[in-house]
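Structural description and commentary
Chain residues, written in single-letter form:
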Amino acid sequence: LAAGMGVGQVLLLLSAACMAMPAKDPLLNICMDAKHHKTKPGPEGMLHDQCAPWKDNACCTANTSSEAHKDQSNLYNFNWNHCGLMPPKCKRHFIQDTCLYECSPNLGPWIDQADSSWRRERILHVPLCKEDCEEWWEDCKDYVTCKENWHKGWNWATGTNRCPWGSLCRPFSHVFPQPKDLCEKIWSNSYKYTTEHRGSGRCIQMWFDPAQGNPNVAVAKYYAWKKRSSPAWMENVTPEANKAACVLPWPVLVLLPLALVVLPEGAGGCGSCGWGSL
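What you see is a predicted model, and the numbers here were worked out from it, not measured in a lab.

The rules behind the values
Residues numbered from 1 in each chain as written. Predicted model: local features only at pLDDT ≥ 70, side-chain atom pairs only at ≥ 80, totals over all residues. Heavy atoms only, no water. Helix = DSSP H or I, 4+ residues; strand = E, 2+ residues; numbered from the N terminus. Buried < 20%, exposed > 50% of the residue type's maximum accessible area, 1.4 Å probe, protein only. Phe/Tyr/Trp six-rings, centres within 6.5 Å; stacked < 30°, edge-to-face > 60°. Disulfide = S-S within 2.5 Å. Polar contact = N/O pair within 3.5 Å; in protein donor to acceptor, adjacent residues only side chain to side chain. Contact = heavy atoms within 4.5 Å. Salt bridge = Lys/Arg side-chain N within 4 Å of Asp/Glu carboxyl O. Axes fitted to C-alpha atoms, helices over the stretch in contact; angles between N-to-C directions. Left-handed = near helix turned anticlockwise from the far one by under 90°. Core = buried A, V, L, I, M, F, W, Y, C linked by side-chain atoms within 4.5 Å. Expected span 1.5 Å × (residues − 1).

Turning our attention to the overall build of the chain. When its secondary structure is counted, the chain shows 10 helices and 6 strands. Within the span of the chain, comprising 278 residues, buried residues form 43% of the whole.

Under the criterion given, the structure shown has 19 aromatic pairs. The interplanar angle of 90° and the centroid separation of 6.4 Å between the aromatic rings of Phe94 and Phe172 together place this pair among those described as edge-to-face. With Phe94 in helix 3 (residues 88-103) and Phe172 in helix 5 (residues 172-175), the pair connects residues that are 78 residues apart, well separated along the chain. Overall, Phe94 belongs to the buried group, its relative accessible area being 0%.

Another point: unusual backbone geometry. Notably, His125 is not glycine yet its phi reads approximately 60°, a positive angle. Following the sequence through the fold, His125 ends up in the loop between strand 2 (121-123) and strand 3 (126-128). In this structure His125 comes out as partly exposed when scored by relative accessible area, which is 40%. One non-glycine residue, Ser188, lies in the positive phi region at around 55°.

This paragraph deals with the state of the cysteines. Enumeration according to the criterion identifies 8 disulfides in this entry. A sulfur-sulfur distance of 2.1 Å marks the disulfide that ties Cys31 to Cys59. Its S-S torsion of approximately -90° makes the covalent link between Cys31 and Cys59 left-handed. Note that Cys31 is positioned in the loop between helix 1 (7-20) and helix 2 (62-67) and Cys59 in the loop between helix 1 and helix 2, a separation of 28 residues in sequence. On the accessibility criterion, Cys59 (0% relative accessible area) is buried.

Moving on, we get to the side chain of Lys147. Looking at the element boundaries, Lys147 is found in the loop between strand 4 (144-145) and strand 5 (170-171). Looking at Lys147, its side chain comes within polar contact range of the main-chain oxygen of Asn149, at 3.1 Å. Once you skip the residues sitting within four places of it in the chain, Lys147 turns out to touch Lys152, Gly153, Trp154, Pro164, Val175 and Phe176.

The full count for this structure, using the stated rule, is 11 salt bridges. Across the pair Arg198 and Asp132 runs a salt bridge whose closest N-O atoms are separated by 2.7 Å. Residue Arg198 is located in the loop between strand 6 (191-193) and helix 7 (216-229), and its partner Asp132 is located in helix 4 (residues 130-140); the two are separated by 66 residues in the primary sequence. What makes Arg198 partly exposed here is its relative accessible area of 36%. The network of salt bridges with common partners includes Asp132, Glu135 and Arg198.

In this section: the packing of helix 3 against helix 4. Across the interface, helix 3 lies against helix 4 with an axial gap of 7 Å and an inter-helix angle of 140°. With respect to the hand of their crossing, helix 3 and helix 4 are arranged in left-handed fashion. Contacts between helix 3 and helix 4 involve Lys89, Cys90, Arg92, His93, Phe94 and Asp97 from the first element and Glu135, Trp136, Asp139 and Cys140 from the second.

To continue, consider the nonpolar core. One finds Phe94, Trp136, Trp150 and Trp187 to be the most contacted residues of the largest nonpolar core, which totals 48 residues. For this core, the elements supplying multiple residues, two or more each, are helix 3, strand 3, helix 4, helix 5, helix 6 (179-185), strand 6 and helix 7. Considering each element in turn, this core owes the most residues, 7 residues, to helix 3.

This brings us to the environment of Arg202. Mapped onto the secondary structure, Arg202 falls in the loop between strand 6 and helix 7. For Arg202 and Tyr222, which are 20 residues apart along the polypeptide, the C-alpha to C-alpha distance reads 7.4 Å. Setting aside chain neighbours within four positions, we find Arg202 in contact with Pro127, Glu196, Val219, Tyr222 and Tyr223.

Counted at 1.5 Å a residue, the expected span for helix 3 with its 16 residues is 22 Å, and the 21 Å between its end C-alpha atoms agrees. The buried fraction of helix 3 amounts to 13 of the 16 residues, a majority that puts the element mostly inside the structure.

To continue, consider the side chain of Gln205. Assignment of secondary structure puts Gln205 in the loop between strand 6 and helix 7. On the basis of relative accessibility, which here comes to 10%, the residue Gln205 falls in the buried class. Setting aside residues no more than four positions away along its own chain, Gln205 makes contact with Leu100, Cys129, Asp132, Arg198, Gly199, Pro215 and Asn216.

Encoded structure:
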């Protein structure tokens, strides 16, 4: 390090090193704190059937993926056939929905606090691709149900969900007149209907071809960036997270004493990097 190096050059060097090695993004590659989720995502070699696309990096276990495909699953004692037998073409969308919820490590930007006894976190307003929502509605429109919101209000007297007393079983197309109604209302706004298309990088796919890679990784990165850029995120970020966003790698720590020698007395540093805490 040349003795004559200017203060600006030293600060530029340290800032560049700081930005070159960012800390792990707290919104990416994470599992929510819920009933069956793993604490951290990782490979699962034996994920069952429609949950298989997540096997390389999953928040679910093999057992969870198997239970997701059963009519009477032990995951939540939930019965798809509460108004008669659900057709396979409809059921596959609900299985994909379950696999996405249980297995995906790419839902971090939409994780929200939950006030239920069985989970501490949930997803809220996940932007679902237009095709995923509309195909779900199209394949289920002739099935019947007695409820608009499947999260709450069931009769659990027998240990599994049954239609509330006095409710009538009606076609999906009556309970959910439009695809938007189905996707947004059935799970208490877990999803948000969008006009974005698969492959746009702006919407989450409920299912994908693993041979083509996981398209939801890029989508999560985009929305994580948007969330971090919003004033609300900056106001609510914890001091620890703010500090972690600019952790100095070891080469910078080696250069720091030399930089301090070069800097004239009283010169300021990179306040955003939190050097004062070193």
